[in-house]
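A structural walkthrough
Chain by chain, the residues run as shown.
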Amino acid sequence: DTGVSQNPRHKITKRGQNVTFRCDPISEHNRLYWYRQTLGQGPEFLTYFQNEAQLEKSRLLSDRFSAERPKGSFSTLEIQRTEQGDSAMYLCASSFSDSSYNEQFFGPGTRLTVL
Amino acid sequence: AQKVTQAQTEISVVEKEDVTLDCVYETRDTTYYLFWYKQPPSGELVFLIRRNSFDEQNEISGRYSWNFQKSTSSFNFTITASQVVDSAVYFCALSEYDMRFGAGTRLTVKP
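Here the residue index of a chain counts from 1 through its sequence in written order. Chain A is the first chain written and ligand 1 is the first ligand written, with later ones labelled in order. Owing to the predicted nature of the model, reporting of local features is limited to residues with pLDDT of at least 70; listing and counting of side-chain atom pairs is limited to 80 or more, with chain, interface and lining totals taken over all residues. Side-chain descriptors were evaluated using all non-hydrogen atoms of the structure, hydrogens and water having been removed beforehand.

**As for the pairing of strand β6 (residues 53-57) of chain A**
Residues and elements named next belong to chain A. When DSSP finds two or more bridges between a pair of strands, those strands are recorded as paired. In this text, helices come from DSSP runs of H or I with a minimum length of four residues, and strands from runs of E with a minimum of two, each type numbered from the N-terminal end. The pairing of strand β5 (residues 44-50) with β6 spans four bridges and is classified as antiparallel. The residue of β6 that forms the bridge with Y48 is E56. Hairpin connection, β5 to β6: the antiparallel pair is bridged by two residues, and N51 has positive phi, about 55 degrees.

Below, the structure written as structure tokens:
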């Protein structure tokens, strides 16, 4: 399978716990993006990486959220001290581009439920 | 500010009807890209089309067609002879480095 993969697909956790999601982009893609999608809404941009550098973070990304892409390949998104409002689908996308405008390929998402 | 508006929350049609999904965008940039994505019940976003802001030619791909009008900041999507398999949520998006999505239009095609 050469698409974007995300693990786990579903995560149920209790409020206050930490969770970590993983995204494996398409192998030749140098850009990786994280989005959050709540029910009935479009995806909202959280952050993106070019290679291992995190170039942009949305104001939606509170200090409880941290993302890494240590070797410019896979990425992790960690949420600390989860809150019920963090319940959402977390989407990862990747692209290959030397410019700002590019097509993003999306993974299947990780659905987080915070009880 | 960049913004995408999809005013139609839900549309329901009967199979074989034509349907148009509206998208209006706002941006101050002169160079930008517009996208349409499909999100079927399985949840994975499927790329449909990308349009460069300098290319206002309409595009047709099978039963799908897109009408880009810069003068009205619109990028509408038409499905001709709709089929049940077209049932999904459709998102219009505007891209700088971060993609801004509209709220989506849920299309239901009934047999």
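Moving on from the coordinates now.
**A word on the sheet that holds strand β1 (residues 5-7) of chain A**
All names here are of chain A. The four strands lie next to each other as β1-β3-β8-β7, forming an open sheet whose pairing is antiparallel. The open sheet has two edge strands with one neighbour each: β1 and β7 (65-68). The mean inter-strand angle of the sheet, taken between neighbouring strand axes irrespective of direction, is 15 degrees. Axis definition: a line fit to C-alpha positions, over the contact stretch in the case of helices; interaxial angles, taken between N-to-C directions, run 0 to 180 degrees.

**What to know about the pairing of strand β2 (residues 10-14) of chain B**
Residues and elements named next belong to chain B. Buried residues are those whose accessible area, probed at 1.4 Å on protein chains only, stays under 20% of the maximum for their type, while exposed residues exceed 50% and partly exposed ones sit between those limits. Burial of β2 is one-sided: the residues I11 and V13 facing one way are buried, the residues E10, S12 and V14 facing the other way are not. As paired strands, β2 and strand β12 (residues 105-110) are joined by five bridges and run parallel to one another. Bridge assignment links V14 to a residue of β12, and that residue is K110.

**Some details on the state of the cysteines**
A covalent bond between the sulfur atoms of two cysteines is referred to as a disulfide. Any two cysteine sulfur atoms within 2.5 Å of one another count as a disulfide. Considering all chains together, one arrives at two disulfides over all chains under this definition. Residue pairing for C23 of chain A: its cysteine sulfur links by disulfide to C92 of chain A, the two sulfurs lying 1.8 Å apart. Looking down the S-S bond of the C23 of chain A and C92 of chain A bridge, the torsion is -70 degrees, so its handedness is left-handed. Taken together, the residues C23 of chain A in strand β3 (residues 19-24) and C92 of chain A in strand β9 (residues 88-95) connect sequence positions 69 residues apart. When sorted by exposure, C23 of chain A lands in the same class as C92 of chain A, which is buried. Shown here is the disulfide that connects C23 of chain B with C92 of chain B, its sulfur atoms set 1.9 Å apart. Disulfide C23 of chain B-C92 of chain B: the torsion about the S-S bond is -65 degrees, which places it as left-handed. Here C92 of chain B lies in strand β10 (residues 88-95) and C23 of chain B lies in the loop between β3 (19-21) and β4 (24-26), a separation of 69 residues in the sequence.

**Comments concerning the interface of chain A and chain B**
Taken together, the contact pairs 20 residues of chain A with 19 residues of chain B. In protein, a polar contact means a hydrogen-donor-capable atom and an acceptor-capable atom, both N or O and within 3.5 Å, with residues adjacent in sequence counting only if both atoms are side-chain atoms; elsewhere, any N or O pair within 3.5 Å suffices. Counting every contact that joins chain A to chain B gives three residue pairs in polar contact (both at pLDDT 80 or more). Of all the secondary-structure elements, those providing two or more residues to the side of chain A that touches chain B are β4 (31-37) and β5 of chain A. Counting residues per element, the side of chain A that touches chain B draws most heavily on β4 of chain A, at four residues. Broken down by class, the residue content of the side of chain A that touches chain B amounts to nine nonpolar, eight polar and three charged. Note on contacts: a residue pair is in contact if any heavy atoms of the two residues lie within 4.5 Å. Three residue categories are used. Nonpolar comprises Ala, Val, Leu, Ile, Met, Phe, Trp, Tyr, Cys and Pro, charged comprises Asp, Glu, Lys and Arg, and polar comprises the others, including Gly.

**Points about the packing of aromatic side chains**
What counts as a ring pair is set by centres within 6.5 Å for rings of Phe, Tyr and Trp (its six-membered ring), and what kind of pair is set by the plane angle: stacked under 30 degrees, edge-to-face over 60, tilted for all other angles. Summed over the entire model, instances satisfying the criterion amount to 24 aromatic pairs over all chains. Ring geometry for Y35 of chain A against F106 of chain A: centres 5.4 Å apart, planes inclined by 45 degrees, an arrangement best described as tilted. You can see Y35 of chain A sitting in strand β4 and its partner F106 of chain A sitting in strand β10 (residues 105-106), a full 71 residues away along the chain. In terms of burial, Y35 of chain A and F106 of chain A fall into one category: buried. Relative to W66 of chain B, the ring of Y64 of chain B lies with its centre 6.0 Å away and its plane at 80 degrees, an arrangement referred to as edge-to-face. An aromatic cluster is built from Y33, Y35, F45, Y48 and F106 of chain A together with Y33, F35, Y37, F47, F91 and F101 of chain B, whose rings are joined through pairwise contacts. Put simply, a charge is over a ring when the Lys NZ or the Arg CZ is close to the ring centre, within 6 Å, and near the line of the ring normal, within 35 degrees. A cation sits over an aromatic face here: R22 of chain A above F74 of chain A, 3.9 Å from the ring centre.

**Let's talk about the environment of S62 of chain A**
Within the element layout of this structure, S62 of chain A appears in the loop between β6 and β7. Put simply, S62 of chain A and I79 of chain A are 17 residues apart on the chain and 9.3 Å apart in space, counted from C-alpha to C-alpha.

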